[in-house]
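# Close look at the chain arrangement
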Amino acid sequence: MLLVQSERNALLAALASVVGVVERRHTLPILSNLLLEKQGGRLTLLATDLELQVSTQLDVATGGDFAITLAARKFYDIVRALPEGAQVKLDSKDSQVVVSAGKSRFTLQTLPAADFPRVETGAGLGEAIRLPQKVLKRLLQLVQFAMASQDIRYYLNGMLLVLDGK
């Protein structure tokens, strides 16, 4: 059953934005996976390490709605190795997904999507702001020298962001 068909560069860009969160060796095998969830014409890619959750969306026109998990690093490496401009197809077969492009075929094992942990987000947990990337980057550069990176006192390993009014 055809799950998704997408252009290689679009899929690679989406994978690159989430695969950095995935841990290579973890006590929970599902955490080395990536959740792929399609609803309507949007494919959502979700990765987590139980502290941080990153997701991105990709417009795809083919296939029905589904939710599966794939080995994130393997999937990323496969897509990265495919020729530029190739059409990547994901087909479901039992508890496996076949990734194909041209004459290339790769079979990846899946784990149940229901087992994939999600970081819960509550409504109205705080303020929302919009800043241009350059402004946020400059603000972070002004304080980053004071942030510890491996201090035993974990509360010193970051920064406090306070929003006041506008």
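Now for a description of the structure that goes with this document.

Further remarks concern the environment of Leu43. Secondary-structure assignment places Leu43 in strand β3 (residues 42–48). Residue Leu43 is classed as buried on the basis of its relative accessible area, which comes to 0%. Taking the C-alpha atoms as reference points, Leu43 and Leu11, 32 residues apart in sequence, are found 9.9 Å from one another. Those residues in contact with Leu43 that sit more than four places away from it in its chain are Val4, Leu36, Glu37, Lys38, Thr56, Gln57, Leu58, Val60 and Phe66.

Right, let's get into the nonpolar core. Core analysis: the biggest nonpolar cluster contains 33 residues, and Leu34, Leu36, Phe75 and Leu90 have the highest contact counts within it. Those elements that place two or more of their residues in this core are β1 (2–7), α1 (8–18), β2 (33–39), β3, β5 (66–71), α2 (72–81), β6 (87–93) and β7 (96–101). Beyond its immediate stretch of four places on either side in the chain, Leu34 contacts Leu15, Val18, Leu45, Leu46, Ala47, Ile68, Thr69, Leu70, Ala72, Phe75 and Phe116.

The next subject is the pairing of β6. By the bridge criterion, five bridges tie β1 to β6 in an arrangement that is antiparallel. Of the residues in β6, the one forming a bridge with Glu7 is Gln87. Across five bridges, the pairing between β6 and β7 is antiparallel. Its bridge partner lying in β7, Lys89 is registered against Ser100. In this antiparallel pair of consecutive strands, β6 and β7, the connection spans two residues, and Asp94 shows a positive phi of 55 degrees.

Rules of the game
- Residues numbered from 1 in each chain as written.
- Predicted model: local features only at pLDDT ≥ 70, side-chain atom pairs only at ≥ 80, totals over all residues.
- Heavy atoms only, no water.
- Helix = DSSP H or I, 4+ residues; strand = E, 2+ residues; numbered from the N terminus.
- Buried < 20%, exposed > 50% of the residue type's maximum accessible area, 1.4 Å probe, protein only.
- Contact = heavy atoms within 4.5 Å.
- Core = buried A, V, L, I, M, F, W, Y, C linked by side-chain atoms within 4.5 Å.
- Pairing = 2+ DSSP bridges.

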